[in-house]
Amino acid sequence: MARKFFVGGNFKMNGTKESIKSIIENLNKASLDPNVEVVIAPPALYLQLARDTVDKASGVEVAAQNVYHKPNGAYTGEISVAQLKDSDIHWTILGHSERRTLLGETDELVASKTKAAVEGGVSVIWCCGESLEEREAGNTVAVVERQLAALAAKLSAADWKKIVIAYEPIWAIGTGKVATVQQAQEVHEAIRKWLRTQFGDAVADETRILYGGSVNGKNCKDLAKEKDIDGFLVGGASLKPEFVDIINSNQ
Ligand code: G3P
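Residues numbered from 1 in each chain as written. Predicted model: local features only at pLDDT ≥ 70, side-chain atom pairs only at ≥ 80, totals over all residues. Heavy atoms only, no water.

An unreviewed UniProt entry lists the chain under the name Triosephosphate isomerase, with Thermothielavioides terrestris as the source organism. Check the Sequence similarities (unreviewed entry) section of the UniProt entry for the chain; it says "Belongs to the triosephosphate isomerase family." Under the UniProt heading Subunit (unreviewed entry), the note attached to the chain is "Homodimer." (UniProt positions renumbered as here; feature names shortened; annotations may be inferred.)

Novice: Quick question: what am I supposed to make of the pairing of strand E7 (residues 209–212) here?
Specialist: The two faces of a sheet get side chains in turn, since along a regular strand they alternate between them. Judged by which residues are buried, E7 turns out to be covered on both faces: Ile-209 and Tyr-211 on one side and Leu-210 and Gly-212 on the other are all buried. Of the strand pairs in this sheet, E7 and strand E8 (residues 231–234) are connected by two bridges, and their pairing is parallel. By the bridge assignment, Tyr-211 is partnered in E8 with Phe-232. (Buried < 20%, exposed > 50% of the residue type's maximum accessible area, 1.4 Å probe, protein only. Helix = DSSP H or I, 4+ residues; strand = E, 2+ residues; numbered from the N terminus. Pairing = 2+ DSSP bridges.)

Novice: How should I be thinking about the packing of helix H7 (residues 140–152) against helix H8 (residues 181–199) in this particular structure?
Specialist: Between two packed helices, what matters for the description is the angle formed by their axes and the separation of those axes. For the pair H7 and H8, interaxial distance at closest approach is 11 Å and the crossing angle is 35°. Judged by the sense of rotation from one axis to the other, the crossing of H7 with H8 is right-handed. Mapping the contact onto sequence places Thr-140, Val-141, Val-144, Glu-145, Leu-148, Ala-149 and Ala-152 in H7 and Val-187, Ala-190, Ile-191, Trp-194 and Phe-199 in H8. Looking at the contact of H7 with H8, its residues break down into 10 nonpolar, one polar and one charged. (Axes fitted to C-alpha atoms, helices over the stretch in contact; angles between N-to-C directions. Left-handed = near helix turned anticlockwise from the far one by under 90°. Contact = heavy atoms within 4.5 Å. Nonpolar A, V, L, I, M, F, W, Y, C, P; charged D, E, K, R; others polar.)

Novice: When you look at the sheet that holds strand E6 (residues 163–167) in this model, what are you seeing that I'm missing?
Specialist: Think of a sheet as strands paired side by side through backbone hydrogen bonds, with each pair either parallel or antiparallel. With parallel pairing, the eight strands of this closed barrel are ordered in space as E1-E2-E3-E4-E5-E6-E7-E8. In this sheet, adjacent strand axes meet at a mean angle of 25° when their direction is disregarded. Here strand E1 (residues 5–10) pairs with E8 via four bridges, running parallel. By the bridge assignment, Gly-9 is partnered in E8 with Val-234. The strands that H8 touches are strand E5 (123–128), E6 and E7; relative to E7, the one it contacts most, it runs at about 150°.

Novice: Would you mind showing me how to read H7 here?
Specialist: Since one α-helical turn is 3.6 residues long, residues separated by three or four positions face the same way. Between the first and last C-alpha of H7 there are 18 Å, a value that for 13 residues agrees with the 18 Å anticipated at 1.5 Å per step. When we look at burial in H7, the residues that qualify are Thr-140, Val-143, Val-144, Gln-147, Leu-148, Ala-150, Leu-151 and Ala-152. Looking at the packing, one finds that the buried side of H7 touches helix H4 (97–102), helix H5 (107–119), E5, helix H6 (132–136), E6 and H8. (Expected span 1.5 Å × (residues − 1).)

Novice: Could you clarify how one ought to interpret the side chain of Asn-66 in this entry?
Specialist: Locating Asn-66 in the fold gives a position in the loop between strand E3 (61–64) and helix H3 (81–86). Relative accessible area serves as the criterion here: at 15%, Asn-66 is assigned to the buried category. Polar side-chain contacts of Asn-66 include one of 2.9 Å to the side chain of Lys-113. In this view, Asn-66 contacts Glu-78, Thr-92, Ile-93, Leu-94, Arg-99, Glu-105 and Lys-113; residues no more than four positions away in its chain are not counted. (Polar contact = N/O pair within 3.5 Å; in protein donor to acceptor, adjacent residues only side chain to side chain.)

Novice: Would you mind showing me how to read the packing of aromatic side chains here?
Specialist: Two measures describe an aromatic ring pair: the distance that separates the ring centres and the angle between the ring planes. Summed over the entire model, instances satisfying the criterion amount to six aromatic pairs. Arranged with centres 5.2 Å apart and planes meeting at 45°, the rings of Tyr-68 and Tyr-75 form a pair that is tilted. A relative accessible area of 34% places Tyr-75 in the partly exposed class. (Phe/Tyr/Trp six-rings, centres within 6.5 Å; stacked < 30°, edge-to-face > 60°.)

Novice: Even after reading the chapter, I still don't get the environment of Val-118, so can you show me in this structure?
Specialist: Mapped onto the elements, Val-118 comes out in helix H5. By relative accessible area, Val-118 is classed as buried at 7%. Along the backbone, Val-118 and Ala-158 are 40 residues apart, and their C-alpha atoms lie at a distance of 9.9 Å. When sequence neighbours within four positions are dropped, the list of residues in contact with Val-118 reads Val-124, Asp-159, Lys-162 and Ile-163.

Structure (structure tokens):
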């Protein structure tokens, strides 16, 4: 079964009301490949602004960059799944390496958040990936499989319908050092193989696996040709006009 190409824009902790509005207005005006699912993730403070600015007819969706797994209560600084839905936000990124490494999120916490989001009806761009040290030690696939295993312990096969995997090697994030097409395809293939073994053919064949890490308007076309690369999670370039070229890279 054909997997719909998916491009996410992770704005991280960037932007102002003015710049985010202008990025979205440019997307509203652009001619976007209708066969691509596009989801943009502004900082939490601007989610509502983004939701209100996105032209509904464009089909572009808005994602949070994080969500908490508890339903409500005394969790200062956090946002719940129900609050996202109440604000018409139906996606979230989870497990980004910046949250894992800088904010100490464990595999288990990321898995709990993912389960809570999916159960509450919010789809997840779930991130994984190895550090340079782990790659150089030959542990890339083992690290990604460890991250996946923590997730798998909490999910049923049906939950995968609401999950997109983003493979983001940490050494390629924001460094301008993109993984080669072969390096990316190799890990994507390993992830799909793992999904097949753990959850069967339907989950393996239907789950989108995105690549993230220094994707830009120039390198996206070659990466998009690989059979197990089903789209991108874009950081820096999602704030620039070339984001449209990345969205249209599968044409
Ligand atoms: O989530 C996207 C990401 O971490 C990649 O960032 O700036 O290398 O495209 P960037």
